[in-house]
Structures are given as structure tokens and as C-alpha cells.
Amino acid sequence: MSGSPTETISLATSHTHVLAHDDTNDLHAPQLPSREGLSANPDHKNEDKIKDKDVDDDDDDWEHDSANPRNWCPTKKWVATTLVSMYTFVAPLGSSMMAPALPDVAIKYGITSPTVTAMTMSIFLLSFAIGPLFMAPLSEMYGRAWVLHIANLFFLAFNIGCALSPNTATFIVFRFLAGFAGSAPMACGGGVIADLFAERDRASAMALYTLGPLMGPCLGPIMAGFIAESVGVQNLFYLIAALCGVAAVLGIPLLKETYAPVIKLRHGKAVQDPEKAATCPALTPHQIGRWAYLWINLKRPVILVTRSFICFILSFYMALMYGIYYLMFATFPVLFSEVYHFSTGISGLAYIGIGFGFLSATIFGARISDKIYIYLATKNGGKGKPEMRVPALIFGSFFVPVGIFWYGWSAQAHIHYIMPIIGTGIFGFGLMTTFLPIQLYLVDTFTYAASAMAAASVLRSLLGFAFPLFGEQMFATLGYGGGNSLLAGLAIVIGIPFPIWIYYAGEGIRAKSSLARH
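Residues numbered from 1 in each chain as written. Predicted model: local features only at pLDDT ≥ 70, side-chain atom pairs only at ≥ 80, totals over all residues. Heavy atoms only, no water.

An unreviewed UniProt entry lists the protein chain under the name Multidrug resistance protein 4, from Rhizopogon vinicolor AM-OR11-026. UniProt, in its Subcellular location (unreviewed entry) section for the protein chain, records the words "Membrane". (UniProt positions renumbered as here; feature names shortened; annotations may be inferred.)

This is the structure we're talking about:
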């Protein structure tokens, strides 16, 4: 992409353009008839060469520039990672915090349909899926930091709206809007990690970031059961709003911009499109208008998930596990209140099993992932590849169906309540152990890290929205054993053979793909 540094913000998240030359017409605005800045005048050609050399020199300088987030001191990097992880924790916390209080919500608003009751929780995930399609390109146009800050403030406001909603329709609308605003950290967070850390140093930071969207939905119900039982369900949303306020007080002054093109722009440095070999550079926002530019970028996550089979299958596997995860949330209140006779407050403690599994996977999974990657990279002459993330994924994929089978059949048999909770812990361990390498693989493979993560987030949240809507009916028909066996079978079919195939064939597929980094 050409243009002066005062006009252009590069679209790239990392170092290489994710799109091929033959995809240019689909993914960019119409091109200028001839190469922008190119003239038939030989003097102008010389000027072009000088400009290209200046940009190359600026790129070399940027590698060693203290403003480059990759060159920040470790403390500054981890402060940024922690703040992004905090933002990423609050929004998913709000997605499921009301899970143990769903019966109370139904009573408050006079809801009699189990599908509508489940929708009051899962509608959040529908907009949570749509939001990244807007948030990811906005973060690549204007930078990560203020997209995160502003979205957090809107999330705060919409949760207050949920607390004050007078009827079901208003409540569902505010839940939908809250999900849209809360999707920003999911869309931008992976890009921030990619901005800050090189591939071999990324696993621990990604583990902390991934902990938010997985631990948030788990810890929320643990707290929410007692809060809803003692002071009312509306106070759950006031608590979420208060946490957003704390995140804003810490994040706004401390979280600095990490997106390199925006930092370069603010420092008056040249910003060059990473696809230097492109025959025709894409037009800049200044040339085609911000709305047209935004539309072009909105298509990028859709293009990634529809034109890259690897991106699709990994995203779909994440989505399947996320759907099962939220299906458990929606059915826990019925299982533990009707079968095990837990009160609303005590039923929230049933989510501890998943949380323990997540924590165990975070502690051990990140270390295992890092060690495997470094070991394989060392054997490969010190050069890492995205496929070196896959062995950790294969390892975690075996725990997912085991946990689902254990949970389903122990609940079906009505044996001691600790047994289904142990099953959810095994499932949680497998879920977290697989999520981490999948996200690392996507970040390592695709240059537009935020858009790749957004593509995965869209599928993940869509199934997270849909699964709870049919969960109660499925378990009523098949039972907890049969229903969970069906889900475990899907996890085996998708989660075991495809990662093995990617490990052996992924490099060749990436080499032929126009969407992958080479």
C-alpha cells in the first residue's frame, strides 16, 4: 500500500500480506489504472526508487526502534498483556454470569419457554459473533488500544441497561448490545499478543489471554449463584458494570498502542504495505473513503474462514467445544437443582470443576506447548513452523471426549455429584489445552492475526449461541448419557484425525495457499 505516512494505516497485523495477487479484486477496492506514483517520466521513476529505498531503510530501523512493541521491556509487554487479558476476562464473565440464575430470570420476567429462557443468556453470544467482524478491521485501521477502551465503556453502559430492563424484550436487546461491545477484546486481543511477542515467546502470553474467555464464563456462575440468591439477579449486572469500570480506570492510562502501523504513523514514519511484490497497491482509506475501506476489511475474516480449509476446520473444532461448553452452562441449573437438589447458590459451585480444569491446563499446557515448540524448532535448525503447535493440540483432543463421556454417563446414572463435576474438569482441561495451540497456530499462520482470530470467534460464538437453545430438549429425548455421547462422538471425529492431518500436511497446504504467511 502506498501513500504518505499522514494518509495511510497499513492493514497488516504482522509482516506478510494474507492475500494473494489473484484475490486482490475481491479483497481490496478497485485499483488505479496504473501503479500509483508511477510515471512515464524517468525522473519520476528514480524518485520512486528513492522512496522505496527510504521505506526499506525505515523498516530496518523499525526492527531496532524502541517504539516497536517487540522491543519493549518485558515489564511493559506483560502489563499490556495483563490489561488485554483483563478486558478479555470481563466480557465473557458477563456472558454466562446469569447461568445459575436463569430460573430467577424466568420468574422475574414471566418466561415459560425453556428456549426463551436459554436465549436470555445465549443471545449475548450471537452479537459476540458479529462484533469481531467490525472490531477486528477497526483495530487494524485505527489501532487496538482505543477500540478496546471505547468498547469496554459501551459494555459497561449496556450491562446497566440489562439491570434496569423492565421486560423480556428490553432485557434481550441490551444483552445483544452488550455482547456486541464485549466482543472487542476477543477480536483484538490475539493481534495484541502477536504485536508484542515473537512466535517462540508467544505461548505463555497467549495462555494468559486465552484464560479470560474460558475462566470468565466459569467463575461468573460460581459468584452469581450466591449473589442472585441473596440480593437479586439485577445486581449481577451492576457487578459486571463495576468490573468494567475498574478495567477502564487501569486500562485507559496504562494500555499503550501496540499496532505497528499506527505507532509508525504517530511517529511520522513511512508505512509500507507488506505485500511489496504486489503489482498494484490497494487504495488507501484517504483515497476511497473510510466506509468503503471498512467494508473491504469487514470481508477479511469471512474470506479467511471460507477460503482456508485449515482456518475453517480449526475454527469449527473450537466452535464445537465452545458450543458444548455453553450447553453445559445452560443445563447445569436443571441437572444440579432437580437431580442433586442444589440451591441456586450452591449450584454455582458446580462450575468449579471446569475452572479447575482450565487452571490446570493453563499452568501445564502453556509450558508443554512452549517446550514442544522449542524442541521441534531446535531440531529444525532453530526455525519454527506453525505445525509445531499441533502436537499439543493432539494431546488435548484426547481429553475432550473423555470428559464429555464421564460427565454425561455419571449424570445419567445419578451417582454422587462429584463424578459429573470431575467429568467437566477433564473436559475443561482438554478444552483449554486445545484452545491454546489452535489460537497460536492461527496467529502464526495468518498475517492478519486479529482477523484470523475474529473468524474463529464468529464460528465459536455462533455455536455457543445455538447449542443452549436445544440442549434441554436433546437431553430430554436422549438422556444425559446419550446426548453427551453424541457430542463426544463429534469431538472425536473432528478433533483427532484433522489435527493429525494438519501436522503432516499443513506445511504443504500453507505453501500453496494465497492466504497463509510464507
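Engineer: Just checking my understanding: could you explain the nonpolar core for this structure?
Structural biologist: Across soluble globular proteins, nonpolar side chains have a tendency to be buried as a group. Membership of the largest hydrophobic core comes to 132 residues, with the highest contact counts inside it found for F155, L236 and Y325. Considering every element that reaches this core, the biggest residue donor is helix α14 (residues 309–339), with 20 residues. Once you skip the residues sitting within four places of it in the chain, L236 turns out to touch M97, M98, A101, A224, I227 and A228. (Core = buried A, V, L, I, M, F, W, Y, C linked by side-chain atoms within 4.5 Å. Buried < 20%, exposed > 50% of the residue type's maximum accessible area, 1.4 Å probe, protein only. Helix = DSSP H or I, 4+ residues; strand = E, 2+ residues; numbered from the N terminus. Contact = heavy atoms within 4.5 Å.)

Engineer: What exactly am I supposed to notice about the pattern of salt bridges here?
Structural biologist: Once their charged atoms are close, side chains differing in charge can pair, the charge on each being opposite to the other. What the rule picks out here adds up to three salt bridges. E507 serves as the salt-bridge partner of K385, at 3.0 Å between the closest nitrogen and oxygen. Of the two residues, K385 sits in the loop between α16 (352–379) and α17 (390–397) while E507 sits in helix α21 (residues 497–512), which places them 122 residues apart along the sequence. Among the residues examined, E507 registers a relative accessible area of 38% and is labelled partly exposed. As a salt-bridge pair, R389 and D444 come within 2.8 Å of each other at their nearest N and O atoms. You can see R389 sitting in the loop between α16 and α17 and its partner D444 sitting in helix α19 (residues 418–445), a full 55 residues away along the chain. Side by side, R389 and D444 carry an identical accessibility label, which is buried. (Salt bridge = Lys/Arg side-chain N within 4 Å of Asp/Glu carboxyl O.)

Engineer: Is there a simple way to think about helix α8 (residues 184–196) in this case?
Structural biologist: An α-helix turns once every 3.6 residues. As a result, residues three or four positions apart point the same way. A rise of 1.5 Å per residue sets the reference length of α8, with its 13 residues, at 18 Å; its end C-alpha atoms lie 18 Å apart and thus fit the reference within 8%. Taking burial as the measure, the 13 residues of α8 include 13 buried ones, the bulk of the element. (Expected span 1.5 Å × (residues − 1).)

Engineer: Even after reading the chapter, I still don't get the packing of helix α5 (residues 114–142) against helix α7 (residues 168–182), so can you show me in this structure?
Structural biologist: Packed helices, taken two at a time, are described by their axes: the angle between them and the distance between them. Interaxial distance between α5 and α7 falls to 6 Å at its minimum, and their mutual angle equals 35°. Handedness of the α5/α7 crossing: right-handed. Between α5 and α7, the contacting residues are V116, T120, M121, I123, F124, L126, S127, F128, I130, G131, F134 and M135 on the first element and T168, F171, I172, R175, F176, A178, G179, F180, A181 and G182 on the second. Its residues assigned to classes, the contact of α5 with α7 comprises 15 nonpolar, six polar and one charged. (Axes fitted to C-alpha atoms, helices over the stretch in contact; angles between N-to-C directions. Left-handed = near helix turned anticlockwise from the far one by under 90°. Nonpolar A, V, L, I, M, F, W, Y, C, P; charged D, E, K, R; others polar.)

Engineer: Where do I start with the packing of aromatic side chains in this structure?
Structural biologist: Two aromatic rings, taken as a pair, are described by how far apart their centres are and by the angle between their planes. Applying the stated criterion to the full structure yields 30 aromatic pairs. Plain terms: the ring middles of F309 and F312 are 6.4 Å apart, the flat faces sit at 40° to each other, and that makes the pair tilted. Highlighted residues: F309 and F312, both in helix α14, separated by three residues, approximately one helical turn. A relative accessible area of 42% means that F309 is categorised as partly exposed. With a relative accessible area of 33%, F312 lands in the partly exposed category. Taking 5.7 Å as the distance between ring centres and 50° as the angle between the ring planes, the aromatic pair formed by F332 and Y407 counts as tilted. With F332 in helix α14 and Y407 in helix α18 (residues 399–412), this residue pair connects regions lying 75 residues apart in the sequence. Accessibility classification places F332 together with Y407 in one group, the buried group. Here the aromatic residues F332, F336, Y340, F342, Y351, Y407 and Y417 are joined through ring pairs into a cluster of three or more. In this structure, K76 is placed above the aromatic ring of W72, and the distance from its NZ or CZ to the ring centre is 4.4 Å. Sitting above the plane of the Y322 ring, R460 keeps its charged end 5.4 Å from the centroid. (Phe/Tyr/Trp six-rings, centres within 6.5 Å; stacked < 30°, edge-to-face > 60°. Lys NZ or Arg CZ within 6 Å of the ring centre and 35° of its normal.)

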